[in-house]
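For reference, the chains in residue letters:
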Amino acid sequence: SDGRFYCNWADIIIIHRVMVRESIDAVEFWRNKGKPVVIDYDDAYDKLEGDYNPAAEFWKDGLVTIKNHSGSYKKRLETHPLQLFAEGISKCTAATVPSRQLVKDWGHLTHFFHLPNYIDSRRYLSVPKRVDDGRIVIGWGGSLGHKESFEQSGVGEALRRVISEYP
């Protein structure tokens, strides 16, 4: 497959968050060939809260939606996703996470590296500012699983203040 072609020449293989049976099989395949495999993730899947998090059905209940020609239905996985996740992490060479709490919670499974995922603004203080054209540009990247935490973070009030001051 294309994945094996590209991974064959890679010095390190990084899996982003998805650790299902196929991922675990791939980890084992590449580790047996001497390749380091690292899992990178940023959520406490075992501590998901809230009824509106679309990921909770998968991570808490072990349910997946199966779509076919006549519609869709829910199916419970044979092995709970958290069990697969723990198994997969334990087979990886290492893990990278942005939270020291994730290191505490899961660090017994493999070697963990704490890599903060925020901008260290001190690194950019000497960078010349762009010409001010009067616009304010605000961006956010996240998935539906982060919507609830985004809405409850207080950023909405901050945005209202910015908008009222700079319409």
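Everything that follows concerns the structure shown earlier in this document.
Not measured: the values here are computed from a predicted model.

Asker: Which parts of the structure should I look at to understand helix 2 (residues 21-32)?
Answerer: Because each turn of an α-helix spans 3.6 residues, side chains separated by three or four positions in sequence point in the same direction. Taking 1.5 Å as the rise per residue, helix 2 with twelve residues should run 16 Å; its terminal C-alpha atoms sit 16 Å apart, in good agreement. Here helix 2 has its buried residues at Ser23, Ile24, Val27 and Trp30. Down the axis of helix 2, the smallest arc covering the buried residues is 135°, so these residues share one side. Exposed positions of helix 2 whose direction lies more than 90 degrees from the buried face are Glu22 and Asn32.

Asker: Hey, could you run me through unusual backbone geometry in this one?
Answerer: Trans peptide bonds make up the majority, and among non-glycine residues the majority have a negative phi. At Arg17, a residue that is not glycine, the phi angle is positive and equals roughly 70°. Looking at the secondary structure, you find Arg17 in the loop between strand 1 (13-16) and helix 2.

Asker: I would appreciate a short explanation of a nonpolar patch on the surface in the present structure.
Answerer: A surface patch of nonpolar side chains, about 380 Å² in accessible area, is lined by Ile136, Ile138, Val162 and Tyr166. Residue placement: Tyr166 occurs in the segment after helix 7 (155-165).

Calculation rules
- Residues numbered from 1 in each chain as written.
- Predicted model: local features only at pLDDT ≥ 70, side-chain atom pairs only at ≥ 80, totals over all residues.
- Heavy atoms only, no water.
- Helix = DSSP H or I, 4+ residues; strand = E, 2+ residues; numbered from the N terminus.
- Expected span 1.5 Å × (residues − 1).
- Buried < 20%, exposed > 50% of the residue type's maximum accessible area, 1.4 Å probe, protein only.
- Arc of directions from axis to C-beta.
- Patch = residues over 30% accessible without salt bridge, like charges linked within 9 Å, V, L, I, M, F, W, Y side chains within 5 Å.
- Areas by Shrake-Rupley, 256 points an atom, 1.4 Å probe, with all protein chains shown as cover.
- Salt bridge = Lys/Arg side-chain N within 4 Å of Asp/Glu carboxyl O.

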